[in-house]
Amino acid sequence: MIVAGATGFAGALSAHLLWRHPGFRLVAVTGRSEVGRRLDELYPRYRVPLTIEELDLDGLDRVDAAVVAYPHAAAAPTVAGLCERGARVVDLSADFRLSSLETYEQWYGQHPRPELLSKAVYGLTELHREAISGAAIVANPGCYPTASVLGLAPLARAGLIADVVIDAKQGISGAGRTFDDTTHLSMAGENILPYNVARHRHTPEIEEQLAELDPALSGLAVQFQAHLVPLDQGELASCYVTPTRTVAAAELAELYAEAYANEPFVEVAEEPPGTREVRDTNFCRVFAAADGHTGKLVVLAAIDNLWKGTSSQAIQNLNVMFGLPEAMGLA
């Protein structure tokens, strides 16, 4: 097992989880920077005593699996090279999250390895567990789609979504290690900052997943807006749904209870959840309410953006891919 791109927040946390995982053996961490440093020097809290190397695909010994934590476009060639050498890959970038090449290129530009799109499985474990188990490439979801789609999935399956607006807030770790004027502490502290207004790249990911759950939603334009809030980690997606018909509170409660009764990492909360409840865990806490005044449904989903939104979900997917208990290494 290797982690390619271990110098970023997501890659480093993935390495930490794999280093202590009883079912995998982490043999190498690579990076495009900080080569020659030990990962536990760069991230002391993770205590992974491996030296960061340059990725040399040709020099790799037999590797069964890898986590690739590169940005979009940079990830796809590495994923391809690993697959050619027999490794099964969980990719944390956006390169394989969208099944439509046209949609990908509309939002991200030219795809480096479009021939691999059909081989990838979308890695929202709760929705695609069976396909993930046999996949060579698993496209780990974006953090915002993880919270949003888990929150909305029971409604979509039941054909109850006519329209939806998603207002999401996330800690500054979601912006990664490269800081700009928006994520600098002087701007992010004591502040709430909307960003990527009316053009967030996670929008088509949410739309595509909802349409898979309910074909009637094909063509639905989701209104999605992201905000940075002065937290290190954490994310809350507030979803405002116009239902296709009136939904009573009792029906709504039963729908969510049944949908997630057997899911180890989705908790249906009796009160609106906060981000502190899920910090440093792989859990998503979901709360749904029917607004008798407007007739709309309000769905709240809280996750840790670095854990369930990224790295621990990657481990959850690896467990499924290799037939291990799904919660192994995540308890």
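Refer to the structure printed above.
Since we're looking at a predicted model, the values are computed, not measured. (Residues numbered from 1 in each chain as written. Predicted model: local features only at pLDDT ≥ 70, side-chain atom pairs only at ≥ 80, totals over all residues. Heavy atoms only, no water.)

> Got a minute to help me understand the overall build of the chain in this structure?
Secondary structure summary: the chain contains 10 helices and 14 strands in total. Over its C-alpha atoms the chain spans a radius of gyration of 19 Å, differing by no more than 12% from the 20 Å that the globule rule assigns to 331 residues. For the C-alpha atoms alone, the extent of the chain along its principal axes is close to 60 × 45 × 40 Å. Out of the 331 residues in the chain, the part that is buried amounts to 54%. Here the contacts in the chain between residues at least 6 apart in sequence split such that 69% fall between residues at least 24 apart. As displayed, the chain has an accessible area near 14,100 Å², and 50% of this comes from carbon and sulfur atoms. (Helix = DSSP H or I, 4+ residues; strand = E, 2+ residues; numbered from the N terminus. Rg over C-alpha atoms; globule rule 2.2 N^0.38 Å. Buried < 20%, exposed > 50% of the residue type's maximum accessible area, 1.4 Å probe, protein only. Contact = heavy atoms within 4.5 Å. Areas by Shrake-Rupley, 256 points an atom, 1.4 Å probe, with all protein chains shown as cover.)

> What should I look at first to understand unusual backbone geometry in this one?
What is expected of a backbone is that most residues other than glycine have negative phi and most peptide bonds are trans. Here the phi dihedral of Ala73 falls at roughly 75°; this positive angle occurs in a residue that is not glycine. Considering the arrangement of structural elements, one finds Ala73 in the loop between β4 (65-68) and α3 (75-84). With relative accessibility at 32%, the residue Ala73 sits in the partly exposed group. Positive phi, normally seen in glycine, also occurs at Asp280, with a value near 60°. Taking relative accessible area as the criterion, Asp280 reaches 31% and is therefore assigned partly exposed.

> In this structure, what is going on with the sheet that holds strand β13 (residues 284-290)? I would like to understand it.
Where strands meet in a sheet, backbone hydrogen bonds hold them as pairs that are either parallel or antiparallel. Strands sit in the order β9-β10-β8-β11-β14-β13-β12 across an open sheet of seven strands; the sheet is mixed. The open sheet is flanked by β9 (193-195) and β12 (266-268), the only strands paired with a single partner. Each neighbouring strand pair of the sheet contributes to a mean axis angle of 25°, computed without reference to strand direction. As defined by bridge partners, strand β8 (residues 161-170) adjoins strand β11 (residues 235-243) across nine bridges and the pair is classed as antiparallel. The partner of Asp167 across the bridge, within β11, is Ser238. Packed onto the sheet, helix α9 (residues 249-259) meets β12, β13 and β14 (297-303) and runs at close to 160° relative to β13. (Pairing = 2+ DSSP bridges. Axes fitted to C-alpha atoms, helices over the stretch in contact; angles between N-to-C directions.)

> I tried to follow the pattern of salt bridges on my own but got confused; where do I start?
Evaluation of the coordinates by the stated rule reveals 17 salt bridges. Between Asp64 and Arg62 there is a salt bridge, and its shortest N-O distance comes to 3.2 Å. For Arg62, a relative accessible area of 62% translates into the label exposed. Salt-bridge contacts for Lys169 lead to Asp167; the nearest nitrogen and oxygen are separated by 2.2 Å. Through salt bridges with shared partners, a single network forms among Glu34, Arg37 and Glu41. (Salt bridge = Lys/Arg side-chain N within 4 Å of Asp/Glu carboxyl O.)

> Looking at this structure, how should I read the layout of surface pockets?
To find leftover empty space, one rolls a probe the size of a water molecule over the atoms. Empty space within the second largest pocket amounts to approximately 300 Å³. For the second largest pocket, the lining is made up of 19 residues, of which Met1, Val27, Arg62, Val63 and Asp64 are closest to its centre. Considered class by class, the residues forming the lining of the second largest pocket number nine nonpolar, three polar and seven charged. (1 Å grid on protein atoms, 1.4 Å probe; cavity = no way out; pocket = protein on both sides within 12 Å on 5 of 7 lines; lining within 4 Å. Points joined across faces, edges and corners; volume = space filled by probe spheres on them. Nonpolar A, V, L, I, M, F, W, Y, C, P; charged D, E, K, R; others polar.)

> In this structure, what is going on with the nonpolar core? I would like to understand it.
Here is a general trend for soluble globular proteins: nonpolar side chains tend to be buried in one another's company. Residues Leu152, Leu155, Ile161, Val164, Ile166, Val222 and Phe224 are the most contacted members of the largest nonpolar core, which totals 41 residues. For this core, the element with the highest residue contribution is helix α6 (residues 143-157), accounting for nine residues. Discounting chain neighbours no more than four positions away, the residues touching Phe224 are Tyr144, Ser148, Ile166, Ala168, His200, Thr203 and Ile206. Of all hydrophobic cores here, the second largest spans 37 residues; its members include Ala69, Val121, Ala314 and Leu330. (Core = buried A, V, L, I, M, F, W, Y, C linked by side-chain atoms within 4.5 Å.)

> Please explain the pairing of strand β5 (residues 88-91) as it appears in this structure.
On a regular strand, each side chain points to the face opposite its neighbour's, so the side chains alternate between the two faces of the sheet. Residues Arg88 and Val90 line one face of β5 and the alternating positions Val89 and Asp91 line the opposite face, and both faces are buried. Inspection of the sheet shows β4 paired to β5 by four bridges, in the parallel sense. Across the sheet, the residue bridging to Ala66 is Val89, located in β5. This β-α-β element, β4 to α3 to β5, shows right-handed connectivity. Alignment of β5 against strand β7 (residues 137-139), held across three bridges, turns out to be parallel. The partner of Val90 across the bridge, within β7, is Val138. (Right-handed = clockwise from strand over helix to strand, strands pointing away.)

> How should the side chain of Glu205 be read in this particular structure?
Of note, Glu205 is situated in helix α8 (residues 203-213). Apart from residues no more than four positions distant in its own chain, Glu205 is found in contact with Arg97, Leu98, Tyr122, Pro141, Gly142 and Pro145.

> Mind showing me how you'd approach the sheet that holds β7 here?
Read from one edge of the open sheet, seven strands run β3-β2-β1-β4-β5-β7-β6, paired in parallel fashion. Two strands in the sheet have a free side with no partner beyond their single neighbour: β3 (52-53) and β6 (120-122). As judged from the three bridges shared by strand β1 (residues 2-4) and strand β2 (residues 28-30), these two strands associate in the parallel manner. From the neighbouring strand, Ile2 faces β2, where its bridge partner is Ala28. Its contacts with the sheet put helix α5 (residues 125-133) on β5, β6 and β7, and the angle it makes with β6 is roughly 160°. Against the sheet, helix α10 (residues 307-321) makes contact with β4, β5 and β7, and its axis sits at roughly 155° relative to β5, the strand it touches most.

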